[in-house]
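# Architecture and fold: a report
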Amino acid sequence: MIYPAPRWLPGGHLQTIYPAKFIAKPAVAYRRERWDTPDNDFIDLDFVDGKAGLPFIVMFHGLEGSSNSHYARALMTHIAALGWSGAVVHFRGCSGELNRAPRFYHSGDAREIEWILRKLAPYARERGANKFYASGVSLGGNALLRWLGESQHQADIVDAACAISAPLDLAGGGAALSRGFNMLYTRIFLETLKPKCLDKLKQFPGLYDRDTMMNARDLYAFDNVVTAPLHGYLNTDDYWKRASAKYVLNDITVPTLVLNAQNDPFLPREYLPTTATSAKVKLEQPAHGGHVGFTVGPFSGKLNWLPQRMVNFLENAN
């Protein structure tokens, strides 16, 4: 499927911002479950219950995303119409309630993906799913790819996977988000991350330096004081290098679509990999689409191309 970018929506920024902010998100009838984590924390999952004998797809959202994100609701609406089942997994602290542990989530969270999928795969099969698919968007896509690559054949509990607009090169993406108009996206992220971090300090005083966190003006500075040390990395440079999915694409054994628009402001064309992937990985890099955008149709546009592309790949993966 070739992405048909609409002429009325030019450029990576408009193709990123418009679908996220101005296209009406479809309604989804979610059913929520709370799962306890191995370290005495919790995560919330929002389910769509379909018919037995059809596939189940899980989605891992992006930075500060949720089941309410435009891409999540678009996918879950689409699969519900097909009779499939699905779930949007909320990373810790992203479901509307602060998590209990002194940690959040991050781009290389393969261990978190591991325990969730190990529990979710039999859960789906017991409810009659004939296939179990995994998907991730942006940060969630990178974390999913890290798990796929690190696990290799141990990831065969998943029949196929999709990673959409994943920041495969975190250093490249971080550099892109630290300059020019892209600082708008950084400010939006920090506007939600910083209040969470203040709440986390109330739970765990001294967990990190409050003033340094509040003074962070880009993701490099924020990750250096919060994300990296909280999750076992030395600093931002260590985190961005060790968590980048591009280094494990050649180790993936599950059929996987890696879809990145070349005009994605979060990871511009020059940082996209073109080689060093396994035969099971399909790199798809359309010229247009923005960051998790892929709007189609006449004005005012629709969000249905991306779910259709994902389902088309999953149904034909081998």
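Below is a short write-up of the structure. (Residues numbered from 1 in each chain as written. Predicted model: local features only at pLDDT ≥ 70, side-chain atom pairs only at ≥ 80, totals over all residues. Heavy atoms only, no water.)

### What to know about the packing of aromatic side chains
Applying the stated criterion across every chain yields a total of 20 aromatic pairs. Plain terms: the ring middles of Tyr18 and Phe299 are 6.4 Å apart, the flat faces sit at 40° to each other, and that makes the pair tilted. Here Tyr18, found in helix α1 (residues 12-21), pairs with Phe299, found in the loop between β8 (281-284) and α10 (305-316); they are 281 residues apart in sequence, far enough to count as distant. Here Trp84 and Tyr133 contribute two aromatic rings whose centre-to-centre distance is 5.7 Å and whose plane-to-plane angle is 35°, an arrangement assigned as tilted. Of this pair, Trp84 sits in the loop between α2 (70-82) and β4 (85-89) while Tyr133 sits in strand β5 (residues 132-137), placing them 49 residues apart in sequence. Across the pair, Tyr133 and Trp84 agree in class, each one buried. Joined through ring pairs, the aromatic side chains of Trp35, Phe47, Phe56, Tyr123 and Phe132 make up one cluster. In this structure, Lys119 packs its charged tip against the face of Trp35, placed 4.4 Å from the ring centre. (Phe/Tyr/Trp six-rings, centres within 6.5 Å; stacked < 30°, edge-to-face > 60°. Helix = DSSP H or I, 4+ residues; strand = E, 2+ residues; numbered from the N terminus. Buried < 20%, exposed > 50% of the residue type's maximum accessible area, 1.4 Å probe, protein only. Lys NZ or Arg CZ within 6 Å of the ring centre and 35° of its normal.)

### Focus on the environment of Tyr105
Within the secondary structure, Tyr105 sits in the loop between β4 and α3 (110-126). On the basis of relative accessibility, which here comes to 7%, the residue Tyr105 falls in the buried class. It is 6.2 Å that separates the C-alpha atoms of Tyr105 and Phe91, two residues lying 14 residues apart in sequence. Residue contacts for Tyr105: discarding those within four places in its chain leaves Leu63, Glu64, Phe91, Arg92, Cys94, Leu139, Thr227 and His231. A distance of 2.5 Å separates a polar atom in the side chain of Tyr105 from a polar atom in the side chain of Glu64. (Contact = heavy atoms within 4.5 Å. Polar contact = N/O pair within 3.5 Å; in protein donor to acceptor, adjacent residues only side chain to side chain.)

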